[in-house]
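# Analysis of the macromolecular model
Each chain, letter by letter, is given below.
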Amino acid sequence: MKIKIFYITFLFYISIASQNKWSLEKCILYAKNHNINVLKQQLLNNTNNKDITIAKGNYLPDANFYASQGFSLGNSFNVSTGVGQLESRFNTFSLSSSIAIFNGFANKYRLQQAKINAEKGLVDLEQVELNLSLDITNKYLQVLFNKEILVVAEEQELISSREVERLLKLYQLTLKSKSELLQMEATLALDNKEVIIARNNLNTSLIELKGQLDINDLKDFDIDYIDITSLEPTINSSISDTIYNKALITNPLLKSIKLDMDLSKKSLQIAKTAFYPSINFNYSFGSNYYHIQGRDDLVFNQDTGLFEDNGFFKQLNNNKTHYIGFSASIPVFNKFLTKSNIDKAKIELEISEVELQNQKKELKNKINIAYNNVLTSKSTLKASQSVLLSQEESFKIALEKYKKGYISSYEFLESKSRYIQAQSELIKSKYNYLFKIKVFLEYH
């Protein structure tokens, strides 16, 4: 019985080749397109793009149309027409526009700030996707881990089943005692329980992975095996420094903090614009219409001595007015509001600078820890492989001795237990190593 733990899963996968298998890369890509946190960040990024449109709009003039209709009830006297009346109605229409000629470059800084914030949104999306990638990887490896544990449990169940059959035949020939047979049957029952637990753990981990991917309705979902050799990085004494120097440029968290600093600088510049005067250009066009209730719209022409039509459109044409003007506002005193806003912006900038330095230190520590974790987990994996080889050989010898009656069932079961433990430890070490590699590679 030559069992190599690294190939058990491969044989297991062949037996279920008809199922729909997903690679780790496919799972991560699918999650990036469907995960709710990714979608939320993408929607936030859309709002950031709208802020850019708003900031660009500040350079354009505004336009407003105004219309009103009113009624005058009771005795009144119209100065324009010189006519007294009991009731009247009137309409007023105007179209106005204004544009900022100078406001201390606030529009310029707000546009720059909006663009920086949009860039920060993309970097934050990178961080969300990075965290999601690690989460998916962890769940993916958990499924593979549970698969191999199930294979080991089924293997041990098969061994115990064969021993029960062998001991039953020997018992029937009065060559083995009833107690020894019962002990092995109890062991088989425990192995059956371990298979049930292992299968349940596998199903649970598959459900969790599918839930993370939001594909709970997919039937026959399965994943591909991961070859360690395809992921193993080249380890040398300088790799941590190399990765750190690269991460200073590419790490999304650091990029986000740097952009926070840029945003704080723009906030400071915007706050300072409140010290500058603002100059606006204003234009408006308007007209009005007046009507006496119960009378025709007529006006007396003194030159001709006749009443002429003075209807709605004629009045609007005759009453047209244009207004063009400039306005300036010079800040004198606003109860220290501007100065306080500037001081707050400076403090926010200092906070961002301190946070950047702190995150650089934490990043270096994380990379060093990740590097050490890879080395440690690799050494643990090698040690587990050696232990398994020894326990496998020991179990083979114990099994032969047990069959020949050289050792007791207790000694055989002890050897079997140590063999199972060695298999489990190797599986655990392997997937721990795979995850540590994945974490380490994320800093590249």
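Residues numbered from 1 in each chain as written. Predicted model: local features only at pLDDT ≥ 70, side-chain atom pairs only at ≥ 80, totals over all residues. Heavy atoms only, no water.

## Structural notes on helix α9 (residues 337-404)
Inclusion rule: Counting from the N terminus, the helices are DSSP H or I runs at least four residues long and the strands are E runs at least two residues long. By this rule the span expected of a helix is its residue count minus one, scaled by 1.5 Å.
When the terminal C-alpha atoms of α9 are compared, their 95 Å separation across 68 residues agrees well with the 100 Å that a helix rising 1.5 Å per residue should span. Positive backbone phi, at 85 degrees, marks G405, one or two positions downstream of α9.

## Here's the deal with the confidence of the model for the protein
Our working rule: Think of pLDDT as the predictor's per-residue confidence, scored from 0 to 100. By the convention used here, residues are in contact when the closest approach between their heavy atoms is within 4.5 Å.
Predicted confidence across the protein gives a mean pLDDT of 87, with 90% of residues reaching 70 or more. Ranking the helices and strands of the protein by mean pLDDT puts helix α3 (residues 36-57) first, with 95, and helix α1 (residues 5-15) last, with 42. Ignoring residues within four places in sequence, the model shows residues 1-18, a span with pLDDT below 50, making 40 contacts including any to other chains.

## Topic: the nonpolar core
Spelled out, the test is: Throughout this description, the term nonpolar core refers to a set of buried Ala, Val, Leu, Ile, Met, Phe, Trp, Tyr and Cys residues connected via side-chain atoms within 4.5 Å. Exposure categories follow from relative accessible area, calculated using a 1.4 Å probe and restricted to protein chains: below 20% of the type maximum is buried, above 50% is exposed, and the middle band is partly exposed.
I136, Y140, L209, L213, F221 and F412 are the most contacted members of the largest nonpolar core, which has 68 residues in total. If you list the elements that add at least two residues to this core, you get α2 (24-34), α4 (106-172), α5 (178-213), β4 (221-223), α6 (239-250), α7 (252-272), α9 and α10 (409-441). Considering every element that reaches this core, the biggest residue donor is α4, with 14 residues. With sequence-adjacent residues up to four places away left out, L209 is seen in contact with I136, K139, Y140, V143, F221 and I223. Grouped together as the second largest cluster of nonpolar side chains are 5 residues, A55, L111, A114 and A118 included.

## Focus on a nonpolar patch on the surface
Keep this limit in mind: Only residues whose relative accessible area exceeds 30% and that form no salt bridge are eligible for patches; like-charged ones are grouped when within 9 Å, while nonpolar side chains (Val, Leu, Ile, Met, Phe, Trp, Tyr) are grouped when within 5 Å. For every accessible area listed, the method is Shrake-Rupley and the probe measures 1.4 Å; residues are considered covered only by the protein chains on display. Here, a salt bridge means any side-chain nitrogen of Lys or Arg that lies within 4 Å of a carboxyl oxygen of Asp or Glu.
On the surface, I330, V332, F333 and F336 cluster together to form a nonpolar patch covering roughly 530 Å² of accessible area. We classify F333 as exposed; its relative accessible area is 58%.

## Focus on the pairing of strand β7 (residues 306-309)
Note on strand geometry: in a regular strand, side chains alternate between the two faces of the sheet. As a reminder of what qualifies: Pairing between strands requires that DSSP locate at least two bridges from one strand to the other.
Across 4 bridges, the pairing between strand β6 (residues 298-301) and β7 is antiparallel. What sits directly across from V299, in β7, is E308. In sequence, β6 turns back onto β7 through a hairpin of 4 residues, with G305 there showing a positive phi of about 75 degrees.

## Some words on the packing of aromatic side chains
How two aromatic rings sit relative to each other is given by the distance of their centres and the angle of their planes. Filter applied, for reference: Centres within 6.5 Å make a pair out of two Phe, Tyr or Trp rings, where for Trp the six-membered ring is used; the pair is then stacked when the planes are under 30 degrees apart, edge-to-face when over 60, and tilted otherwise. To sit over a ring, a charge needs its Lys NZ or Arg CZ within 6 Å of the ring centre and within 35 degrees of the ring normal.
Here the structure, examined in full by the defined rule, presents 14 aromatic pairs. Each ring, one from F93 and one from F312, has its centre 6.2 Å from the other, and the planes form 90 degrees; the classification is edge-to-face. One end of the pair, F93, is in strand β3 (residues 83-102); the other, F312, is in helix α8 (residues 312-318), with 219 residues separating them in the sequence. A relative accessible area of 28% places F312 in the partly exposed class. For the ring pair F333 and F336, a centre distance of 5.4 Å and an interplane angle of 90 degrees mean the geometry is edge-to-face. The residues F333 and F336 share a single accessibility class, namely exposed. One residue, K26, lies across the ring of W22, its end atom 4.3 Å from the ring centre. Between the NZ or CZ atom of K176 and the centre of the ring of Y402, over which it lies, the distance is 5.7 Å.

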